[in-house]
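Structural characterization, general
Spelled out, the chains give:
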Amino acid sequence: MSEKKEEPFSINWLTDLPYRYSMGPIALKFFKELKESGKLLGIKCEKCGKVFFPPRAICADCMVEMTENDMFEMSDEGSLDGFTVVNYPFVDPNTGETRPFPYGYGAIKLKGADTWMLHFVDETNPEKVKPGMRVKAVIKPKGERKGTLEDIPYFRAVEKK
Ligand SMILES: [Zn+2]
């Protein structure tokens, strides 16, 4: 007796869901400054002194609301404190295309920051990565910057072993 496999019932269609996200004054200043000067701005909580990068509006520890006046220029260098190599196809939400792989992805803490940023790293060999190694943000030239996170395509290792 042969088993008849039934095809699952499905309907395929594309849905257009346009939306606008209000980024608020902190993110607005961050992306504007990145686009115009290529500078990376962090933010410092006046109450506890914690430095957030990327900047955010509310201190996660003391719930104090911060303003654009609490923002300042950070170093473009930091430490790579967590790292992985992505080895499988993954759709890039910014382009809708499959991102070429393998690629490095890591938790980066800029000099003077107390928080990490997750971002791409130009290293794909885990043998060459060590915890805390120095990395530097690669920032697109002025004419190519659009005021998005893609203005920082990746971080590159400053020291390689
Ligand atoms: Zn605080």
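A brief structural summary. Remember, it's a predicted structure, so these values are computed and weren't measured experimentally.

Quick look at the coordination of the zinc ion
Around the zinc ion, the donor atoms from the protein are Cys45 (SG), Cys48 (SG), Cys59 (SG) and Cys62 (SG), and they sit 2.1 to 2.3 Å away. The site at the zinc ion holds four donor atoms, and with the angles between them running 106 to 117 degrees, its shape is tetrahedral. Within one chain, the residues serving as donors to the zinc ion are arranged as C-x2-C-x10-C-x2-C. Using a relative accessible area of 42% as the deciding quantity, one classes Cys48 as partly exposed.

Topic: the packing of aromatic side chains
Throughout the structure, instances matching the rule amount to five aromatic pairs. Between Tyr88 and Phe90, the ring centres sit 6.3 Å apart and the planes meet at 75 degrees, which makes this aromatic pair edge-to-face. Among the aromatic residues, those joined into a ring-pair cluster are Phe30, Phe31 and Phe53. Over the ring of Tyr103 we find Arg99, and its NZ or CZ is 4.6 Å from the ring centre. The ring of Phe120 is capped by Arg99, whose NZ or CZ atom sits 3.6 Å from the centre of that ring.

Some points on the pairing of strand β5 (residues 103–110)
On any regular strand, side chains alternate: one points to one face of the sheet, the next to the other face. Of all eight residues that make up β5, six are buried, and the element is covered over most of its length. In the sheet, strand β4 (residues 77–86) pairs with β5 via eight bridges, with the strands oriented antiparallel. Note on β5: the bridge partner recorded for Val86 is Tyr103. For β5 and strand β6 (residues 117–121), the ladder comprises five bridges, and the chain directions are antiparallel. Bridging across to β6, Ile108 finds its partner in Met117.

The rules behind each value
- Residues numbered from 1 in each chain as written.
- Predicted model: local features only at pLDDT ≥ 70, side-chain atom pairs only at ≥ 80, totals over all residues.
- Heavy atoms only, no water.
- Donors = N, O, S within 2.8 Å, 3.2 Å for Na, K, Ca; no water.
- Tetrahedral: all angles 85-135°; square planar, octahedral: opposite > 155°, others 65-115°.
- Buried < 20%, exposed > 50% of the residue type's maximum accessible area, 1.4 Å probe, protein only.
- Phe/Tyr/Trp six-rings, centres within 6.5 Å; stacked < 30°, edge-to-face > 60°.
- Lys NZ or Arg CZ within 6 Å of the ring centre and 35° of its normal.
- Helix = DSSP H or I, 4+ residues; strand = E, 2+ residues; numbered from the N terminus.
- Pairing = 2+ DSSP bridges.

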